[in-house]
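# Architecture at a glance
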Amino acid sequence: MESWSMIGKGASAQLTLQPPHHQCAYAPQHILSDQTPLCLNEDSTSINQHFEHPTWSHRSFCIDKNGKEYCTHTTSHFRTNHGLSIISTPAAAEAISSAFPFTNSAQHVSEAHLVVRAIPGKGFGLTTSQRIPKGSPILLDAPRIIASAAFPAHVQHGQGALLFKRALERLPDADRQVVLSLDKSLGGSAIEDIMKTNAFACQLHDGGAEDAYMCLFPSVARINHACRPNAHARFIPHTLLMEVKALQDIPAGAEISISYGRVDLKFSERQKLYKEGWNFTCTCAMCTASDGVRKTSDTRRARFAQLSKMLDSVTGETYDAQQIVAWEQEVMEISGQEGLDVLLAPDYERLSYVYAGHGMRRDAKVWAEKARDSLREWKVVEGGPKLDLERVEELLESLGGE
Ligand SMILES: C[S@@+](CC[C@H](N)C(=O)[O-])C[C@H]1O[C@@H](n2cnc3c(N)ncnc32)[C@H](O)[C@@H]1O
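About the cut-offs
- Residues numbered from 1 in each chain as written.
- Predicted model: local features only at pLDDT ≥ 70, side-chain atom pairs only at ≥ 80, totals over all residues.
- Heavy atoms only, no water.
- Disulfide = S-S within 2.5 Å.
- Buried < 20%, exposed > 50% of the residue type's maximum accessible area, 1.4 Å probe, protein only.
- Pairing = 2+ DSSP bridges.
- Helix = DSSP H or I, 4+ residues; strand = E, 2+ residues; numbered from the N terminus.
- Axes fitted to C-alpha atoms, helices over the stretch in contact; angles between N-to-C directions.
- Contact = heavy atoms within 4.5 Å.
- Salt bridge = Lys/Arg side-chain N within 4 Å of Asp/Glu carboxyl O.
- Left-handed = near helix turned anticlockwise from the far one by under 90°.
- Nonpolar A, V, L, I, M, F, W, Y, C, P; charged D, E, K, R; others polar.

Under an unreviewed UniProt entry, the name given to the chain is SET domain-containing protein, and the source organism is Ophiobolus disseminans.

In the structure shown here, the tally under the stated rule is two disulfides. In this model Cys62 forms its disulfide with Cys71; the gap between the sulfur atoms is 2.1 Å. A torsion of 105° about the S-S bond marks the disulfide between Cys62 and Cys71 as right-handed. A relative accessible area of 0% places Cys62 in the buried class. Judged by relative accessible area, which is 0%, Cys71 ranks as buried. Across the disulfide, Cys202 is cross-linked to Cys215 (sulfur-sulfur distance 1.8 Å).

A few words now on the sheet that holds strand S13 (residues 231–236). If you trace the three strands from one edge of the open sheet to the other, you get S8-S14-S13, paired in antiparallel fashion. The two strands at the open ends of the sheet, each matched to only one other strand, are strand S8 (137–141) and S13. This sheet shows a mean twist of 15° between the axes of neighbouring strands, independent of strand direction. By the bridge criterion, six bridges tie S13 to strand S14 (residues 241–246) in an arrangement that is antiparallel. Bridging from a neighbouring strand, Ile236 pairs with Leu241 of S14. The strands touched by helix H11 (residues 361–379) are S13 and S14; relative to S13, the strand with the most contacts, the crossing angle is about 80°.

Moving on: the pattern of salt bridges. Taken as a whole and assessed by the stated rule, the structure comprises 21 salt bridges. Linking Asp175 and Arg144 is a salt bridge whose minimum nitrogen-to-oxygen distance equals 2.7 Å. Separated by 31 residues along the polypeptide, Asp175 in helix H5 (residues 173–180) and Arg144 in the loop between S8 and strand S9 (145–148) bring together distant segments of the chain. Both residues of the pair, Asp175 and Arg144, count as buried. Measuring nitrogen to oxygen at the nearest pair gives 2.6 Å for the salt bridge that ties Asp173 to Arg176. You can see Asp173 and its partner Arg176 sitting in helix H5, three residues apart, about one turn around the helix. Classification of Asp173 as exposed rests on a relative accessible area of 52%.

Here helix H8 (residues 291–312) crosses helix H9 (residues 321–338) at 145°, and the two axes come no closer than 10 Å. The way H8 lies across H9 gives a crossing that is left-handed. Here Ser297, Arg300, Arg301, Arg303, Phe304, Leu307, Met310 and Leu311 of H8 come into contact with H9, specifically with Ile324, Trp327, Glu328, Glu330, Val331, Ile334, Ser335, Gln337 and Glu338. Tallied by class, residues from the contact of H8 with H9 come to eight nonpolar, three polar and six charged.

A word on the pairing of strand S5 (residues 82–88). Residues in a regular strand point their side chains to alternate faces of the sheet. Of all seven residues that make up S5, six are buried, and the element is covered over most of its length. Strand direction decides the pairing type here: strand S4 (residues 68–78) and S5, joined by six bridges, are antiparallel. Pairing of Thr75 across the sheet is with Leu84, part of S5. From the end of S4 to the start of S5, which pair antiparallel, there are three residues, and Arg79 there has a positive phi angle of about 50°.

This is the structure we're talking about:
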């Protein structure tokens, strides 16, 4: 999977807020009606309002448990006209806020043609009123809530719920309404359910070890999952934005879809993943196709997995250039039939090495360029890991002197 994924309760068990261990002797004013009372200054737990910072438009609200402090940090001026609340340690919030200037200067993508409407069997979904050409940006969405994925494990359930509640309350009205209008699917408090149903896992540069976060992007959250999606979403750590781009030409009136997980799973694996992870039964076109169509697709996907495994395990002793080229041809054929092209950069790169190894520089360069373009288009993002791209660029440079 890419550097992000939709958060699902099965996929990310640590997100479950921890049950309280005990009851407090008295009830402080911060208690949520459906939550266990918080015990101020008990068990080394305290609630603090402090940490003034010009970046933030609100005072932070902190919970300190055994020396580990998690706070809500809110700005009303994220990407000029949105609010953003971050639940993290103060140091992490400080580090994350260093991305704000890049966020503000990032391009804007018009959402004028995007329409949220009811989709039978899936609640709402995002549709387009005009054709979107393959490769075009569809959305560049700003998060409204970012929460450390680790914090629920460090605080009691009531404390976690209170941090979420404060993070939501401090958002400007319009943002709070947008967040509260999002889909719920799992029960429990509204904001926890909204986060679990709609947030993406994202890796942020927070200056420390805790780089896993849950990020709530309200427009992307309206996009339903499809096992053969027509769009691709990726998180950009440099700007904290989520980009969605068209994987194929999308006709006017069509629903936009992305994959919440890996795109190469077989039918039963997909059904299990989405049921257990997100509590829904996938009713995308692939999952509701006839038995025959599903079986054909599963056979191809099984072969794709087998080919990938065989190609990955080639060694100096088993190397056979003709065999590799034949296998890669098959991989690309299946990819075309099953919509797996976002996964092909390593295959393009492998072919480049094979041709280079046989002195066929021109072909090697063509495949290396395809690998570079695929990585840039679908995988590598500013602020994210760049090793693959750097390696392919070096390869291209070494082939460049033809
Ligand atoms: C992130 S939300 C997507 C937007 C949502 N449908 C709405 O009304 O706002 C995820 C929820 O949408 C529904 N959903 C998304 N993709 C689906 C699919 N392929 N099949 C059935 N339900 C789906 C599920 O209820 C899931 O919990």
